[in-house]
Amino acid sequence: MSSHHIVRDDQEPALLLLTDHWRPDFVGNLLEWGPVVLVDAEGLDKVIANEFKLDVVIGTKDQLHQSKSILTYQQPIEFLEKHHYTSLDALNYLIHSKHKAVNIFTCAGQTFFDLLDPFLHQIDIVVFDDNIKWVYCKTNVFKKWYPNDQIIYVKEGVQIELGEKIKAENSFIKYKLKAEGFLEAQSATSGFWLGETV
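Residues numbered from 1 in each chain as written. Predicted model: local features only at pLDDT ≥ 70, side-chain atom pairs only at ≥ 80, totals over all residues. Heavy atoms only, no water.

Draft legend 1. Representation of the sheet that holds strand β13 (residues 181-187) in the model. With respect to topology, 3 strands assemble into an open sheet ordered β8-β13-β10, the strand pairing being antiparallel. In this open sheet, the two strands that pair with only one neighbour each are β8 (141-146) and β10 (158-160). The sheet shows a mean angle of 20 degrees between the axes of neighbouring strands, taken without regard to direction. (Pairing = 2+ DSSP bridges. Helix = DSSP H or I, 4+ residues; strand = E, 2+ residues; numbered from the N terminus. Axes fitted to C-alpha atoms, helices over the stretch in contact; angles between N-to-C directions.)

Have a look at this one:
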């Protein structure tokens, strides 16, 4: 069983699992701080197999009915019927519950970021998609120390110091850092996504 059977004040980023493409050890590290855990009913089997404690299951009426019988040992747990996309229902739930931040695991690709636009100034969002951690930078400048050879992704128009442009992937440009040090990414407008390999 995970270690997050503790009283919490919802200050830790919530954890939203929209896919079952995640490493148990990586997610397990995030669970050490006792976040509220939400899962899409389609990825429930992997969460149960790893014995993670859940707080909210999101799915269709049929999925939730089936989940209730499977999760009797995990009570208390909330069952949230999805009306749109699972991510939208989950983010509305978290904002309504006064959460300040969320870590999202997905494999939805570029279109997923467009769905997040209405929420970017209501809750801090970090997205884990495949082996990339995406952070939304609310200002026009992002600074962080990185090791040599770190791979960074940004949209066209974001300037990167210390980086060597490798190629464009979808609508993002991939950079490889030439030396360790503080990376500065700067955009002409405020608000941009920056991805780093993890």
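Draft legend 2. Broad picture of the environment of Pro24. On the secondary structure map, Pro24 appears in helix α1 (residues 24-31). Excluding its chain neighbours within four sequence positions, the residues that come into contact with Pro24 are Lys46, Asn50 and Phe52. (Contact = heavy atoms within 4.5 Å.)

Draft legend 3. Representation of the nonpolar core. Residues Leu38, Val102, Ile104, Leu116, Ile125 and Trp193 are the most contacted members of the largest nonpolar core, which totals 29 residues. Where this core is concerned, the elements lending two or more residues are β1 (14-17), β3 (56-59), α4 (86-96), β5 (101-106), α5 (110-116), β6 (124-129), β7 (132-137) and β9 (151-155). Contact partners of Ile125, with chain neighbours within four places excluded, come to Leu91, Val102, Ile104, Leu116, Phe119, Leu120, Trp134, Val135, Tyr136 and Trp193. Core analysis: the next-biggest nonpolar cluster, separate from the first, contains 19 residues, Val27, Ala41, Val47 and Leu71 among them. (Core = buried A, V, L, I, M, F, W, Y, C linked by side-chain atoms within 4.5 Å. Buried < 20%, exposed > 50% of the residue type's maximum accessible area, 1.4 Å probe, protein only.)

Draft legend 4. α4, seen in detail. Burial analysis of α4 places 8 of its 11 residues in the buried class, the great majority of the element. Burial in α4 covers these residues: Thr86, Ser87, Leu88, Asp89, Ala90, Leu91, Tyr93 and Leu94. Lys98 sits one or two positions beyond α4 and adopts a positive phi of about 70 degrees.

Draft legend 5. Main features of the side chain of Asp89. Mapped onto the elements, Asp89 comes out in helix α4. Residues in contact with Asp89, not counting those within four places in the same chain, are Leu80, Glu81, Lys82, His83 and His84.

Draft legend 6. Quick peek at the layout of surface pockets. For the largest pocket, the calculated volume is near 240 Å³. Around the largest pocket sit 15 residues that line it, and Leu18, Asp40, Thr86, Thr106 and Ala108 are the ones nearest its centre. When contributions to the lining of the largest pocket are tallied by element, the ones reaching two or more residues are α4 and α5. In the lining of the largest pocket, the residues fall into 6 nonpolar, 6 polar and 3 charged. (1 Å grid on protein atoms, 1.4 Å probe; cavity = no way out; pocket = protein on both sides within 12 Å on 5 of 7 lines; lining within 4 Å. Points joined across faces, edges and corners; volume = space filled by probe spheres on them. Nonpolar A, V, L, I, M, F, W, Y, C, P; charged D, E, K, R; others polar.)

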